[in-house]
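Fold and geometry: a report
Residues per chain are reported as follows:
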There are 2 protein chains.
Amino acid sequence: MRLTRYFMPILKENPKEAEIVSHRLMLRAGMIRQQSQGIYSWLPLGKRVLDKVCAIIREEQDRAGALEIMMPTIQSSDLWIESGRYNDYGAEMLRIKDRQDRAMLFGPTNEEMVTDIFRSYIKSYKSLPLNLYHIQWKFRDEIRPRFGTMRSREFLMKDAYSFDLTKEDAIHSYNRMFAAYLRTFSRMGLRAIPMRADTGPIGGNHSHEFIILADTGESEVFSHKDFVNFEIPGIDTDFNDVDALKAIFDKWTSVYAATSEMHDEAAFNAIPEADRMSARGIEVGHIFYFGTKYSEPMGAKVQGPDGKEHLIHGGSYGIGPTRLVPAIIEASHDENGIIWPASVAPFDVVVINMKPGDEACDRICETLYGGLTTVGKDVLYDDTDERAGTKFATADLIGVPVQVIVGPRSAAGGEVEVKDRKTGQRETLTVEAAMNRLAGR
Amino acid sequence: MRLTRYFMPILKENPKEAEIVSHRLMLRAGMIRQQSQGIYSWLPLGKRVLDKVCAIIREEQDRAGALEIMMPTIQSSDLWIESGRYNDYGAEMLRIKDRQDRAMLFGPTNEEMVTDIFRSYIKSYKSLPLNLYHIQWKFRDEIRPRFGTMRSREFLMKDAYSFDLTKEDAIHSYNRMFAAYLRTFSRMGLRAIPMRADTGPIGGNHSHEFIILADTGESEVFSHKDFVNFEIPGIDTDFNDVDALKAIFDKWTSVYAATSEMHDEAAFNAIPEADRMSARGIEVGHIFYFGTKYSEPMGAKVQGPDGKEHLIHGGSYGIGPTRLVPAIIEASHDENGIIWPASVAPFDVVVINMKPGDEACDRICETLYGGLTTVGKDVLYDDTDERAGTKFATADLIGVPVQVIVGPRSAAGGEVEVKDRKTGQRETLTVEAAMNRLAGR
């Protein structure tokens with residue numbers, strides 16, 4: 001992408017409405033724009049990151065055996081009356097009357113609708129297990145939306161729903177998502193710690209929030225330091241292997257970890273002091289086994305091997321991509337701007353032409369831009385007439401992992417400078433060597 | 001994907017609510033499910049097709065220089081009051097009050113919001129041309145939604161918006177989208193005819209509906225037969241070449257084509273009778289140059305090369321992916337079901353195991369399934385215990401382009417049958433030959 005043909009409205013000033021660094025950087029880098037309170041547009045740079053985040057989520061959901069569908073945003077109130085949640089859900093639910101005066105709503109979540117899909121088609125245990133997910137816009141009319149897309153009213157959510165014959169099977173489905181989530185966040189350069197969450201009347205210990213550590217986190221968290229070294233499930237994980245997945249769950253829940261709501265001071269103090277970790281965290285995912293909470297009121301049953309009807313056991317599994325993007329920034333930035341992990345970077349490389357119009361600079365930049373694009377790299381080519389300082393500041397701000405600086409003096413000698421955004425290390429290379437390095441050859 | 005682990009709820013009976021063949025086949029193949037009147041969920045098979053349709057749209061928008069963003073579904077009424085459309089838009093607009101009692105709405109289209117984005121950042125003609133698009137859910141509360149996702153209330157739309165300094169530049173932006181649309185529909189196996197549409201008070205001849213011919217089309221259309229042979233712009237089209245794009249526009253608007261609303265009986269009758277074509281059509285896209293219609297009330301101006309402020313000239317360009325899916329089916333099916341063009345097929349190949357449990361059948365099926373998946377093919381593996389007749393009927397119904405039939409007799413001899421869904425032709429091949437053929441080697 002040539003920057004002269006791109007739309008990346010960089011802000012020079014720090015926007016005063018932004019209270020946290022990710023919100024400030026997303027606005028300054030031209031990633032998002034607020035349209036109404038807590039409602040955002042994603043501009044081209046932000047959209048690219050959001051897409052990469054969603055692609056990783058999707059790959060790991062698919063790997064774990066979940067199937068992607070797409071449920072609508074607008075729901076009828078009927079299903080919610082059936083489940084008993086229509087009145088429970090307060091002013092956060094955006095209630096709507098359509099032209100026929102029917103009570104509709106903008107879905108804040110989809111347990112009811114997906115249960116309705118399930119009961120309409122699935123009649124036998126032979127069709128189980130089943131896990132359906134979608135990545136769709138949700139709306140929760142928060143009284144105080146803030147921190148940009150970290151806590152917005154309209155937000156993107158990946159929500160998966162599992163259906164099983166028995167509690168035991170449902171726990172396996174839960175463990176699948178547990179392992180998938182560990183892989184998902186890890187691939188985005190995040191270390192997420194699963195922390196026990198409140199299960200309310202359901203009971204049991206199968207509800208976990210996945211929390212990443214960041215100074216600006218909304219809640220205080222307490223955990224054992226060992227988490228930092230636990231191994232992430234590999235790409236060869238067999239998601240059908242019940243024991244292997246249980247082992248992953250057991251390992252990752254073997255030491256203390258709790259949010260402030262679930263904190264047990266005594267248990268925490270039982271950890272040797274040197275192993276205690278108390279920090280602030282951001283919730284990036286939540287998984288929950290809720291048994292027959294929805295299947296019972298909504299009559300979602302299947303015939304079991306015994307020929308009898310059984311209420312299905314369910315769970316739900318959420319990740320908020322529009323919240324993950326700022327969470328990644330909170331975890332990875334410096335005073336000059338964002339530092340994207342390569343897996344979610346909007347571009348792999350930015351090629352900076354220090355003197356457009358200079359024959360050698362133009363030629364080398366076009367060679368690198370064309371060549372790297374051809375081998376499938378996402379390349380941003382800064383072909384603008386801005387001053388050098390502005391170009392460097394922009395490249396640092398938007399956080400592309402590698403910068404290639406093409407200045408007239410070194411260009412004349414067939415050389416370019418390659419800078420690593422994270423370490424700041426610069427290296428002078430021939431054009432060919434730079435091309436080979438960046439193409440991953 | 002193993003069918004035993006997939007969710008593809010085939011209906012045996014013809015659903016009586018479906019009036020047209022695409023709606024009937026989408027329900028029967030388990031692609032969609034109605035959740036409320038005119039509001040649909042996309043089940044896994046449907047979601048796959050929808051994704052492939054969107055991917056083609058996206059590629060061609062990007063190729064033509066448009067930039068992808070993502071605007072929210074919920075908009076404030078303020079912008080619509082500013083443009084003057086808040087009261088003009090009738091009961092089709094879903095109006096919402098949020099918890100602060102602010103007037104919001106579910107966007108039926110985004111001219112206002114994108115103009116607001118534009119005016120917030122772009123101050124100079126040097127940033128032009130600009131074309132921003134998104135693929136986002138829209139809601140229009142039609143009084144009579146029907147024909148499945150062909151005319152639904154909640155629907156997906158790709159809407160692009162161009163911004164230019166002058167009318168002349170805007171016409172070039174229009175021609176870019178004109179050529180991009182021809183390529184887009186052609187890649188989906190559709191021949192779309194651009195037909196002049198009403199420009200209302202804007203005037204001029206830069207509004208075109210793209211219509212595909214289908215017996216079940218909603219409107220009558222009239223055109224010259226030559227359209228059938230016009231050349232589609234190639235992949236090497238230079239979207240920056242003003243003259244080349246104008247030549248494409250001129251060629252494709254050189255002979256008569258009109259919907260019934262714009263029909264000119266005399267002009268049509270002037271065509272030699274043998275060259276006249278009158279048929280029914282489905283609108284799959286609409287492009288429109290609207291000049292300063294939104295920039296004027298909303299004050300979207302840039303500084304020109306003359307140092308003065310100029311209202312920008314705009315256009316909008318829409319394609320409905322959730323409508324394209326049934327449109328493709330209307331254009332491509334037979335009495336047994338859907339016949340997907342390869343570019344949008346949910347799977348490239350279906351491998352049918354005629355006797356699961358038979359050692360040779362299982363081994364050959366696993367070889368083909370694994371091997372083809374490894375080379376990047378989307379493969380559905382029918383590993384179910386259904387009867388042969390049911391398996392064949394399902395494969396035909398869901399319209400996967402190639403079927404590989406693995407029966408015990410031929411499997412014992414190391415052979416399989418390859419069937420072309422469209423022609424019905426069957427051929428017996430060795431496993432290796434089938435693999436090479438299907439892998440495209």
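Residues numbered from 1 in each chain as written. Chains lettered and ligands numbered in written order. Predicted model: local features only at pLDDT ≥ 70, side-chain atom pairs only at ≥ 80, totals over all residues. Heavy atoms only, no water.

Another point: the overall build of chain A. Across its full length, chain A carries 14 helices and 23 strands. Its C-alpha atoms give chain A a radius of gyration of 24 Å, within 12% of the compact-globule value 22 Å for 441 residues. Counting only C-alpha atoms, chain A reaches 80 × 60 × 40 Å along its principal axes. When burial is assessed residue by residue, chain A has 58% of its 441 residues classed as buried. Intrachain contacts of chain A at a sequence separation of at least 6 include 72% that bridge at least 24 residues. If you sum the accessible surface of chain A, you get close to 17,500 Å²; carbon and sulfur atoms cover 46% of it. Averaged over its 54 positive side-chain charges, chain A has a centre that lies 3 Å from the centre of its 64 negative ones. (Helix = DSSP H or I, 4+ residues; strand = E, 2+ residues; numbered from the N terminus. Rg over C-alpha atoms; globule rule 2.2 N^0.38 Å. Buried < 20%, exposed > 50% of the residue type's maximum accessible area, 1.4 Å probe, protein only. Contact = heavy atoms within 4.5 Å. Areas by Shrake-Rupley, 256 points an atom, 1.4 Å probe, with all protein chains shown as cover. Lys, Arg positive; Asp, Glu negative; His and termini not counted. Charge placed at Lys NZ, Arg CZ, Asp CG, Glu CD.)

As a measure of interface size, the accessible area lost when the parts come together is often cited. Listed per partner, the contact involves 56 residues of chain B and 57 residues of chain A. Carbon and sulfur atoms supply 59% of the area buried between chain B and chain A, which totals about 4,800 Å² over both sides. Looking at the side of chain B facing chain A, the largest losses of area belong to Phe7, Arg99 and Tyr121 of chain B, adding up to 15% of the total buried there. Inspection of the chain B/chain A interface yields 6 salt bridges. Between Arg33 of chain A and Asp116 of chain B there is a salt bridge; the shortest N-O distance is 2.7 Å. At the junction of chain B with chain A, the criterion picks out 19 residue pairs in polar contact (both at pLDDT 80 or more). Here the side of chain B that touches chain A is built from residues that sort into 30 nonpolar, 10 polar and 16 charged. (Buried area = accessible area lost by both parts, 1.4 Å probe. Salt bridge = Lys/Arg side-chain N within 4 Å of Asp/Glu carboxyl O. Polar contact = N/O pair within 3.5 Å; in protein donor to acceptor, adjacent residues only side chain to side chain. Nonpolar A, V, L, I, M, F, W, Y, C, P; charged D, E, K, R; others polar.)

So, on to helix H6 (residues 167-187) of chain B. Residue and element names in this part refer to chain B. The terminal C-alpha atoms of H6, which comprises 21 residues, lie 30 Å apart, in line with the 30 Å expected from a rise of 1.5 Å per residue. In terms of burial, H6 is largely enclosed, as 16 of its 21 residues are buried. Directly beyond the C-terminal end of H6, a positive phi value near 80° is found at Gly189. (Expected span 1.5 Å × (residues − 1).)

Before going further, it helps to spend a moment on the packing of helix H1 (residues 21-28) of chain A against helix H10 (residues 321-331) of chain A. Residues and elements named next belong to chain A. At a minimum axis distance of 8 Å, the contact between H1 and H10 shows a crossing angle of 110°. Judged by the angle between their axes, H1 and H10 are roughly perpendicular. Every residue of H10 that contacts H1 at Val21, Ser22, Leu25 and Met26 is listed here: Val325, Pro326, Ile329 and Glu330. Split by residue class, the contact of H1 with H10 holds 6 nonpolar, 1 polar and 1 charged. (Axes fitted to C-alpha atoms, helices over the stretch in contact; angles between N-to-C directions. Parallel < 35°, antiparallel > 145°, perpendicular 65-115°, else oblique.)

Let us look at the relation of the copies chain B and chain A. Rotating chain B by 180° about the axis while translating it 0.0 Å along that axis superimposes it on chain A, leaving an RMSD of 0.0 Å. Considering both components of the superposition, the chain copies are consistent with a two-fold axis. Closest approach to the rotation axis within chain B is made by the C-alpha atom of Ile96 of chain B, at a distance of 2.9 Å. Looking at the interface residues of chain B, 100% of them are also at the interface in chain A, so both copies use one shared face. (Least-squares fit on C-alpha atoms with pLDDT ≥ 70 in both.)

All chains considered together, the criterion is met by 41 aromatic pairs over all chains. Seen in terms of ring centroids, Phe227 of chain A and Phe230 of chain A are 5.2 Å apart; in terms of plane orientation they differ by 65°. Their pairing is edge-to-face. Taking the centre distance of 5.4 Å and the plane angle of 70° together, the rings of Phe222 of chain B and Phe268 of chain B count as edge-to-face. Separated by 46 residues along the polypeptide, Phe222 of chain B in strand E11 (residues 219-224) and Phe268 of chain B in helix H8 (residues 265-269) bring together distant segments of the chain. The exposure class of Phe222 of chain B is buried, given its relative accessible area of 11%. Exposure remark for Phe268 of chain B: the relative accessible area of 7% places this residue in the buried category. If you follow Arg426 of chain A out to its NZ or CZ, it ends over the ring of Phe392 of chain A, 5.7 Å from the centre. Over the ring of Tyr86 of chain B we find Arg95 of chain B, and its NZ or CZ is 4.7 Å from the ring centre. (Phe/Tyr/Trp six-rings, centres within 6.5 Å; stacked < 30°, edge-to-face > 60°. Lys NZ or Arg CZ within 6 Å of the ring centre and 35° of its normal.)

Moving on to the UniProt feature "domain: Aminoacyl-transfer RNA synthetases class-II family profile" (unreviewed entry) in chain A. Here the UniProt feature "domain: Aminoacyl-transfer RNA synthetases class-II family profile" (unreviewed entry) sits at residues 37-341 of chain A. A distance of 29 Å separates the end C-alpha atoms of residues 37-341 of chain A, which is 31% helix and 30% strand. (UniProt positions renumbered as here; feature names shortened; annotations may be inferred.)

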